[in-house]
2 protein chains.
Amino acid sequence: MSEEQKWLSEDEQRAWRALMAVVVLLPGALDTQLQRDSHLSNFEYGVLAMLSEAPDRTLRMSQLATLNDSSLSRLSHVARRLEERGSIIRRQCADDRRANIATLTDEGYALVKEAAPGHVARVRELIFDRLSPKQIGELEQIGDAIRSNLDPEKRMPTYVT
Amino acid sequence: MSEEQKWLSEDEQRAWRALMAVVVLLPGALDTQLQRDSHLSNFEYGVLAMLSEAPDRTLRMSQLATLNDSSLSRLSHVARRLEERGSIIRRQCADDRRANIATLTDEGYALVKEAAPGHVARVRELIFDRLSPKQIGELEQIGDAIRSNLDPEKRMPTYVT
DNA sequence: CGGAATTACTTGAAGCGTCAAGTTACTCGG
DNA sequence: CCGAGTAACTTGACGCTTCAAGTAATTCCG
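Residues numbered from 1 in each chain as written. Chains lettered and ligands numbered in written order. Predicted model: local features only at pLDDT ≥ 70, side-chain atom pairs only at ≥ 80, totals over all residues. Heavy atoms only, no water.

### Regarding the relation of the copies chain A and chain B
By a simple turn and slide, chain A fits onto chain B: the slide is 0.0 Å along the axis, the RMSD is 0.1 Å, and the turn is 179°. Here the two chains are linked by the operation of a two-fold rotation axis. Looking at the rotation axis and the C-alpha trace of chain A, the residue lying nearest is Val23(A), at 2.5 Å. Comparing interface residues between copies, 100% of those in chain A also sit at the interface in chain B, which points to an isologous, same-surface contact. (Least-squares fit on C-alpha atoms with pLDDT ≥ 70 in both. Contact = heavy atoms within 4.5 Å.)

Okay, structure coming up:
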């Protein structure tokens, strides 16, 4: 891959590589910590955390999927496993009987509650410890700029630590 | 998830969410374009691109794995598929017969050569079009800072578009 | 009102990644 | 020079994600 029409400039290449390194390595690093300490994947954590903040610790499957940028199918499989482990329960929604609602059990709440501090500590360690306040602001700006290209409808709003 | 010991500040939260949105959405967006236009995953593209830049379009499996931040096992599976499709060939290394070397075939070279412009265009569109030169510099700085936490040995050097 | 389209999921199969062996080839100390 | 240790993979099984289909409930509209 060398001489193409609109290749990236040197500066862009360096930025691109740095970004890709983060994109590739960060999910693994987060999963490792969560898996080791709480036997949860990052995605499962996201699902449980989202429920823990919802009214009655309950959300529709479709909302939960959207909030975690997940397909319904993916969520459905994960929800089954989480239900088997006793972290959530699902039942038909009364208003609209096509819909299912997922509720965090007390066990599930305890689990996520216990997992949170370690997870946040890891995030802090990996991301924020070596960034200046100025850089944190810049990161937000840049991240939002990229995100608006990736997710024009702002579907993925409240990713919770 | 609310009142923990060392929670993130407001600023940190916003930066964190923006970053996570990018980390979650970007790989999918890149895969979609590559898959649609060239029937390649981002990872496969990386493998082929790396080979296309190597002397004799040839690298040891272990080097190729390191360059793409992959386990040997993952690379081995992917290499088998790429070999079945005729994009690469593998053979025993003469110097060290434990080692295998992978070589890009002409078909493989044509494939990656054809895939590159569209991929780069997509990268430009998603990342750089809405970033100022100043932000591109900041992104590199921030990315490198995070990366140095994630990958202390700087194993992942030459991620190629 | 009643059939067609749509919505909200669930399910099963297929593909990819990881993890734990297994194989073969070096290498190094005695 | 030979046996233990290590290195460079490959393989198989398992788990998770995706994709295509299926089901059931709701809505739309003629």
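### As for the sheet that holds strand S2 (residues 88–92) of chain B
All names here are of chain B. Taken in spatial order, the 3 strands of this open sheet run S1-S3-S2, and their pairing is antiparallel. One side of each edge strand has no neighbouring strand; the edge strands of this open sheet are strand S1 (58–60) and S2. When the angles between neighbouring strand axes are averaged without regard to direction, this sheet yields 25°. Sheet topology note: the S1/strand S3 (residues 100–104) ladder contains 3 bridges and is antiparallel. Of the residues in S3, the one forming a bridge with Leu 59 is Ala 102. Sheet strands in contact with helix H2 (residues 42–53) are S1, S2 and S3, and its direction is about 85° off that of S3. (Pairing = 2+ DSSP bridges. Helix = DSSP H or I, 4+ residues; strand = E, 2+ residues; numbered from the N terminus. Axes fitted to C-alpha atoms, helices over the stretch in contact; angles between N-to-C directions.)

### Comments concerning the sheet that holds strand S2 (residues 88–92) of chain A
Residues and elements named next belong to chain A. With antiparallel pairing, the 3 strands of this open sheet are ordered in space as S1-S3-S2. Both edges of this open sheet fall to strand S1 (58–60) and S2, since each of them pairs with a single strand only. Across this sheet, the average inter-strand angle for adjacent strands is 25°, counted without regard to direction.

### Some details on helix H4 (residues 72–84) of chain A
All names here are of chain A. With 13 residues, H4 extends 18 Å from end C-alpha to end C-alpha; this agrees with the ideal 18 Å at 1.5 Å per step. Turning to H4, its buried residues number three or more, namely Leu 75, Val 78, Ala 79 and Leu 82. Burial along H4 is one-sided: seen end-on, the buried residues are contained in an arc of 105°. Against the buried residues of H4 lie helix H2 (42–53), helix H3 (61–67) and S2. One or two residues past the end of H4 sits Gly 86, with phi positive at roughly 85°. (Expected span 1.5 Å × (residues − 1). Buried < 20%, exposed > 50% of the residue type's maximum accessible area, 1.4 Å probe, protein only. Arc of directions from axis to C-beta.)

### Examining the layout of surface pockets
Considering only enclosed or pocket space, the largest pocket measures out at about 460 Å³ in volume. In this structure, the largest pocket is lined by 21 residues; those nearest its centre are Pro27(A), Asn42(A), Phe43(A), Arg74(A) and Val24(B). Those elements that place two or more of their residues in the lining of the largest pocket are helix H1 (10–38), H2 and H4 of chain A together with helix H1 (10–38) of chain B. Each residue belonging to the lining of the largest pocket can be placed in one class, and the counts come to 11 nonpolar, 5 polar and 5 charged. (1 Å grid on protein atoms, 1.4 Å probe; cavity = no way out; pocket = protein on both sides within 12 Å on 5 of 7 lines; lining within 4 Å. Points joined across faces, edges and corners; volume = space filled by probe spheres on them. Nonpolar A, V, L, I, M, F, W, Y, C, P; charged D, E, K, R; others polar.)

### A short note on empty space enclosed by the protein
A complete count under the given rule lists 1 cavity of 30 Å³ or more for this structure. Within this model, the largest cavity holds a volume of roughly 90 Å³. Taken together, Leu19(A), Val22(A), Leu139(A), Ile142(A), Gly143(A), Ile146(A), Leu19(B), Val22(B), Leu139(B), Ile142(B), Gly143(B) and Ile146(B) form the lining of the largest cavity. Within the residue set of the lining of the largest cavity, elements represented by two or more residues are H1 and helix H6 (133–150) of chain A together with H1 and helix H6 (133–150) of chain B.

### Focus: the packing of aromatic side chains
Scanning all chains against the criterion turns up 0 aromatic pairs over all chains. When the ring centre of Phe43(A) is taken as reference, the NZ or CZ atom of Arg74(A) above it lies at 3.8 Å. (Phe/Tyr/Trp six-rings, centres within 6.5 Å; stacked < 30°, edge-to-face > 60°. Lys NZ or Arg CZ within 6 Å of the ring centre and 35° of its normal.)

### Description of the protein's contact with DNA strand C
Around DNA strand C there are 19 residues in total, and Ser62(A), Asn100(A), Ser73(B), Arg74(B) and Arg97(B) lie nearest to it. Near the protein, within 4 Å, the atoms of DNA strand C are sugar or phosphate in 67% of cases. Arg98(A) places a side-chain nitrogen or oxygen 3.2 Å from a base oxygen of DNA strand C. Contributing elements (two or more residues each) for the surface near DNA strand C: H3 and H4 of chain A together with helix H4 (72–84) of chain B. Grouping the amino acids of the surface near DNA strand C by side-chain chemistry returns 4 nonpolar, 8 polar and 7 charged. (Near = heavy atom within 4 Å. Polar contact = N/O pair within 3.5 Å; in protein donor to acceptor, adjacent residues only side chain to side chain.)

### Some words on the pattern of salt bridges
All names here are of chain A. Evaluation of the coordinates by the stated rule reveals 24 salt bridges over all chains. As a salt-bridge pair, Arg 14 and Asp 11 come within 2.8 Å of each other at their nearest N and O atoms. One end of the pair is Arg 14 and the other is Asp 11, both in helix H1 and 3 residues apart, which spans about a single turn. According to the relative accessible area criterion, Arg 14 is partly exposed, its value standing at 39%. (Salt bridge = Lys/Arg side-chain N within 4 Å of Asp/Glu carboxyl O.)

### Focus: the interface of chain A and chain B
Across the contact, 66 residues belong to chain A and 66 residues belong to chain B. Our count for the chain A to chain B interface comes out at 4 salt bridges. A salt bridge links Glu12(A) to Arg124(B), with the nearest nitrogen and oxygen atoms 3.5 Å apart. Linking chain A with chain B are 9 residue pairs in polar contact (both at pLDDT 80 or more). When residues of the side of chain A that touches chain B are assigned to their parent elements, the largest contribution, 18 residues, is made by H1(A). For the side of chain A that touches chain B, the per-class residue count stands at 38 nonpolar, 10 polar and 18 charged.

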